[in-house]
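Examination of the molecular architecture
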Amino acid sequence: MKVLLCGDLAATGWDTWQVWQRALAAAMPEAQWLDLAQARREPADVDAAVVANPPPGSLQGLPKLRLVQSLWAGVDRLLADATLPAGVPVARMVDPAMTAAMAETALWAVLSLHRGFFAYAQRQREGRWRVHAQRRADEVRVLVLGQGEMGRAAAARLAAQGYAVQGWRRDGSALAPRLAAADIVVNLLPLTPATTGLLDAGCFAALPPQAALVNLGRGAHVVDADLLAALDSGRLRHAVLDVFHEEPLPAGHPFWQHPRVTVLPHAAAQTDPRSAAVVAALNLRAVRDGAPLRHLVEAGRGY
Ligand code: GLV
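Everything quoted here is computed from the prediction, not taken from an experiment.

**Section: the nonpolar core**
- Counting 28 residues, the largest nonpolar core has Val142, Tyr163, Ile184, Val186, Val214 and Leu216 as the members making the most contacts within it.
- Breaking this core down by element, the ones donating at least two residues are helix H4 (96-115), strand S6 (141-145), helix H6 (149-160), strand S8 (184-187) and strand S9 (211-215).
- Broken down by element, the residue count for this core peaks at eight residues, all from H4.
- Counting residues in each nonpolar core, the second largest holds 27 residues, with Leu143, Cys203, Ala211 and Leu227 among its members.

Pasting the structure below:
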C-alpha cells in the first residue's frame, strides 16, 4: 500500500516529514510512504493519503485514492479545498493523546479563570498586591459547547474537578438560556457553516455579567469585534483564545496586548505522532482490507 504523507506538519508541533513518517512506519511497516513530489511522479500508485491541511490541489489527480486520513481533528480547512476529490472518504483524527491534552488545557483555563490567576498575573505586571475573594469549584458553572470526543473529555475532566458542568451541542436546543446560566464557556464545537460566527454580540449579551470565554475550537466561531466590545465594556471578564481567524495571529492584532485576553499559539492540544500513527494505521488497514472506517466525515454535516 502506498500512502501520500503531506501538509503543514510543522503546525502539529512535530515539525518534520521524517518524524511523522517514522511514527507511521512504526505503526504500519508494510506501507510505503510518499511525499508530495514522489506522489506527483507516480500518481497512479497512491492508495491513500495522510494529511495535515495540505496545500489546495495536493490530492487531485490520484486515480486510486481511497481514503484521506486527516492528522487534524478539525477538518474545516481540508474540506474548504474545492479540489478535494469527491467521493473519497475523509476521516478526522481522533487521537487519545490529543483528547487528553485538550481536557488538560480546558482544566487549566477554567481553573485559572475560577481562581483569578490571570488577574493575579496582570497585577504582578502592574506591581500591585491585592487578593480577591475565593470561590469553590462547585460554585462555578461551566458550559462546554460541543459534545464530540474533545468536548466530552473536557466536560468529564472539569466535572471530576468539582465544577458545575453542562454540555451543549447543536441539536436544536436553545443556546441563550444555557449561556445565561454559565460563568465560563468553553468552546469545542467543530467549525461548520452553522457554527461560524456563533460567538457574537448576542451570545455575549446572553451571558451573566463577568463571564469568561475559553475558545479552543476555531477562530471563526468568534466575531472578534463583538468579543473585543464585550471585553472592553467589562461585560466579559476574560477570554482565553487558542485559535484565531488568521494564524499566526497578526502582529498588532488587539488580542496580543489586551489585558483581558490570554493568547495561545494554537497549542491547546497537538496531534501526537506516536498515538495518531496507530489511529491512522487502523484506518489505512481497514481501507486496504475493505473493513469499516472510523471517524468518517459525514457529507452535509461538515465534520
Ligand atoms: C487542531 O486544531 C486540530 O484540528 O487538530
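**Concerning the packing of aromatic side chains**
- Scanning the entire structure with this criterion turns up two aromatic pairs.
- Ring centres of Trp108 and Phe118 lie 5.5 Å apart, and the angle between their planes is 85°; this geometry places the pair in the edge-to-face category. Of the two residues, Trp108 is situated in helix H4 and Phe118 in helix H5 (residues 117-126); the sequence distance between them amounts to ten residues.
- Looking at Trp108, the relative accessible area reads 34%, which means it is partly exposed.
- Residue Phe118 is classed as buried on the basis of its relative accessible area of 13%.

**Details of H4**
- Here H4 is 20 residues long and its end C-alpha atoms lie 28 Å apart, about the 28 Å a rise of 1.5 Å per residue gives.
- The residue sitting at the N-terminus of H4 and contributing the capping side-chain oxygen is Asp95; that oxygen lies 3.0 Å from the backbone nitrogen of Ala97.

**Thoughts on the sheet that holds strand S11 (residues 261-263)**
- Strands sit in the order S7-S6-S8-S9-S10-S11 across an open sheet of six strands; the sheet is parallel. Looking along the sheet, the strands with just one partner apiece sit at the ends: strand S7 (164-168) and S11. Each adjacent strand pair in this sheet contributes to an overall mean axis angle of 15°, direction not counted.
- Helix-sheet contacts for helix H9 (residues 224-232) involve S9, strand S10 (236-241) and S11, and the interaxial angle to S10 is about 140°.

**Things to note about the packing of H4 against H6**
- Orientation of H4 relative to H6, taken along the N-to-C sense of each, is 50°, at an axis distance of 8 Å. Relative to H6, the element H4 lies oblique. Along this stretch, H4 crosses H6, giving a crossing that reads as right-handed. On H6, the residues that touch Met98, Thr99, Ala100, Met102, Ala103, Glu104, Ala106, Leu107 and Val110 of H4 are Glu149, Met150, Ala153, Ala154, Arg157 and Leu158.
- Class assignment for the residues of the contact of H4 with H6 results in eleven nonpolar, one polar and three charged.

**Thoughts on the environment of Arg40**
- Along the chain, Arg40 falls in helix H2 (residues 36-41).
- The partly exposed category is assigned to Arg40, whose relative accessible area is 43%.
- Filtering out sequence-adjacent residues up to four positions away, Arg40 remains in contact with Gly57, Ser58 and Gln60.
- Of note is the side chain of Arg40, whose polar atom sits 3.3 Å from the backbone oxygen of Gly57.

**Some points on the sheet that holds strand S5 (residues 90-91)**
- If you trace the five strands from one edge of the open sheet to the other, you get S2-S1-S3-S4-S5, paired in parallel fashion. Edge positions in the sheet fall to strand S2 (32-34) and S5, since each has one partner strand and no second.
- Across the sheet, helix H1 (residues 17-27) touches strand S1 (2-7), S2 and strand S3 (48-52), and the angle it forms with S2 is around 160°.
- In the packing of helix H11 (residues 273-289) onto the sheet, contacts are made with S1, S2, S3, strand S4 (67-70) and S5, and the angle to S4 comes to roughly 175°.

**Some remarks on the packing of H1 against H11**
- Relative orientation of the contacting elements H1 and H11 amounts to 55°, with a least axis distance of 8 Å. Judged by the angle between their axes, H1 and H11 are oblique. You can see that H1 and H11 cross each other, and the crossing is right-handed. Note on element contacts: H11 touches H1 through Pro273, Ala276, Ala277, Val278, Ala280, Ala281 and Arg285, opposite Val19, Trp20, Ala23, Leu24 and Ala27.
- When its residues are assigned to classes, the contact of H1 with H11 shows eleven nonpolar, no polar and one charged.

Cut-offs used in this document
Residues numbered from 1 in each chain as written. Predicted model: local features only at pLDDT ≥ 70, side-chain atom pairs only at ≥ 80, totals over all residues. Heavy atoms only, no water. Core = buried A, V, L, I, M, F, W, Y, C linked by side-chain atoms within 4.5 Å. Buried < 20%, exposed > 50% of the residue type's maximum accessible area, 1.4 Å probe, protein only. Helix = DSSP H or I, 4+ residues; strand = E, 2+ residues; numbered from the N terminus. Phe/Tyr/Trp six-rings, centres within 6.5 Å; stacked < 30°, edge-to-face > 60°. Expected span 1.5 Å × (residues − 1). Polar contact = N/O pair within 3.5 Å; in protein donor to acceptor, adjacent residues only side chain to side chain. Pairing = 2+ DSSP bridges. Axes fitted to C-alpha atoms, helices over the stretch in contact; angles between N-to-C directions. Contact = heavy atoms within 4.5 Å. Parallel < 35°, antiparallel > 145°, perpendicular 65-115°, else oblique. Left-handed = near helix turned anticlockwise from the far one by under 90°. Nonpolar A, V, L, I, M, F, W, Y, C, P; charged D, E, K, R; others polar.

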